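As a plain string of letters, each chain reads:
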Amino acid sequence: MALAAKANKEVVAIDPVSIQIANFLMTIFCGLLIGGLFDGYRVVRGILTPKTLFTGIGDLIFWVVSTLVVFATLLLTNWGEVRLYVFLGLAIGIFAYMKLCSRIVTRMLISAWRVSCTVCRGCVKLINTMVWRPLVWIVRLFTTPFVWLCRKPGLYLMKRTRKVGAEFKASIKLLLFPRDPPAGPPGAK
């Protein structure tokens, strides 16, 4: 009797097969998601072509994000229990993604990048044509008469300041390097 009571206390509850199959399918889906993240990272790395240090940092960020995705999936599906079917499901999901979807998703991501670059260039050209050029034209329209009217006085001021500058330079030169006084009174030899 004591053995039977003791055996009942140690019974471990096992999830039904349907829940385990659902958890297995979720880990396959998680593997597919990690494959998609990997392709996204490959495309970004191919576009940016980072140096060795930044490639290492990007790899680290990819693995941290992948780990968080797997951890969240495990917490949501089977309360964080790691079983053999979790590894099997992740491997099947990643393998299936690489064989079935990788080329298509990579091409779609590259095409999306090209389209977004084209749209950005078009927006820059539109802003240049619609805003910047008219603004420059208006500024030139209003400043050209003033430049033209101020040209003569400006040239006069430039000549005058050169003359004043030369006189100032000569006076400074006399102060710093005075001439020797004449030997006798002016006019006497």
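Residues numbered from 1 in each chain as written. Predicted model: local features only at pLDDT ≥ 70, side-chain atom pairs only at ≥ 80, totals over all residues. Heavy atoms only, no water.

**Considering the overall build of the protein**
Secondary structure assignment for the protein yields six helices and zero strands. Reading the helices (α) and strands (β) of the protein from amino to carboxyl end gives α-α-α-α-α-α. Taken over 189 residues, the protein has a buried fraction of 15%. Restricting to contacts in the protein with at least 6 residues of sequence separation, those with at least 24 account for 78%. Carbon and sulfur atoms make up 74% of the accessible area of the protein, which amounts to about 16,000 Å² in all. (Helix = DSSP H or I, 4+ residues; strand = E, 2+ residues; numbered from the N terminus. Buried < 20%, exposed > 50% of the residue type's maximum accessible area, 1.4 Å probe, protein only. Contact = heavy atoms within 4.5 Å. Areas by Shrake-Rupley, 256 points an atom, 1.4 Å probe, with all protein chains shown as cover.)

**Some points on helix H4 (residues 84–100)**
Counted at 1.5 Å a residue, the expected span for H4 with its 17 residues is 24 Å, and the 24 Å between its end C-alpha atoms agrees. Among the residues of H4, those classed as buried are Tyr85, Val86, Gly89, Leu90, Gly93 and Tyr97. Angular distribution of buried residues about the axis of H4 spans 140°; they occupy a single face of the element. Across H4 from its buried face, at more than 90 degrees, point the exposed residues Leu84, Phe87, Phe95 and Lys99. (Expected span 1.5 Å × (residues − 1). Arc of directions from axis to C-beta.)

**Brief notes about the side chain of threonine 27**
Turning to its location among the elements, threonine 27 is positioned in helix H2 (residues 17–48). Sequence-distant contacts of threonine 27, that is, excluding residues within four places in its chain, are made with Tyr85, Val86, Gly89 and Leu90.

**Details of the confidence of the model for the protein**
Confidence along the protein averages 82 in pLDDT terms, with 81% of residues attaining 70 or more. Element-level pLDDT for the protein is lowest in helix H1 (residues 2–9), with a mean of 55, against a maximum mean of 94 in H4. (pLDDT = per-residue confidence, 0-100.)

**So, a nonpolar patch on the surface**
Together, Leu33, Leu37, Leu53, Phe54, Ile57, Ile61 and Val65 give the surface a local cluster of nonpolar side chains, amounting to about 630 Å² of exposed area. Listing elements by their share of the nonpolar patch, those giving two or more residues are H2 and helix H3 (52–78). Mapping leucine 33 onto the fold places it in helix H2. (Patch = residues over 30% accessible without salt bridge, like charges linked within 9 Å, V, L, I, M, F, W, Y side chains within 5 Å. Salt bridge = Lys/Arg side-chain N within 4 Å of Asp/Glu carboxyl O.)

**As for the packing of aromatic side chains**
Tallied over the full model, the rule gives three aromatic pairs. Ring centres of phenylalanine 62 and tryptophan 63 lie 5.1 Å apart, and the angle between their planes is 70°; this geometry places the pair in the edge-to-face category. (Phe/Tyr/Trp six-rings, centres within 6.5 Å; stacked < 30°, edge-to-face > 60°.)

**A word on the packing of H2 against H3**
Describing two packed helices takes the angle between their axes plus the distance from one axis to the other. For the pair H2 and H3, the least separation of the axes is 10 Å and the interaxial angle reads 165°. Comparing their axes, H3 and H2 come out roughly antiparallel. The chirality of how H2 crosses H3 is right-handed. Facing Asn23, Met26, Cys30, Leu33, Ile34, Leu37, Phe38, Tyr41 and Arg45 of H2, the residues of H3 in contact are Thr55, Gly58, Asp59, Phe62, Val65, Ser66, Val69, Val70, Thr73, Thr77 and Asn78. Partitioned by chemical class, the residues of the contact of H2 with H3 number 11 nonpolar, seven polar and two charged. (Axes fitted to C-alpha atoms, helices over the stretch in contact; angles between N-to-C directions. Parallel < 35°, antiparallel > 145°, perpendicular 65-115°, else oblique. Left-handed = near helix turned anticlockwise from the far one by under 90°. Nonpolar A, V, L, I, M, F, W, Y, C, P; charged D, E, K, R; others polar.)

**A closer look at the nonpolar core**
Formed by Cys30, Ile34, Tyr41, Phe62, Val69, Val70, Leu74, Tyr85, Val86 and Leu90, the largest nonpolar core amounts to 10 residues. Of all the secondary structure elements, the ones that give two or more residues to this core are H2, H3 and H4. The dominant element in this core, judged by the number of residues it contributes, is H3, at four residues. In this structure, phenylalanine 62 is in contact with Ile34, Leu37, Phe38 and Tyr41, ignoring residues within four places of it in sequence. (Core = buried A, V, L, I, M, F, W, Y, C linked by side-chain atoms within 4.5 Å.)

**Quick notes on a positive patch on the surface**
Side chains of Arg151, Lys152, Lys159 and Arg162 sit close together on the surface and give a patch of like positive charge. The topology assignment puts arginine 151 in helix H6 (residues 151–176). A relative accessible area of 56% means that arginine 151 is categorised as exposed. (Lys, Arg positive; Asp, Glu negative; His and termini not counted. Charge placed at Lys NZ, Arg CZ, Asp CG, Glu CD.)

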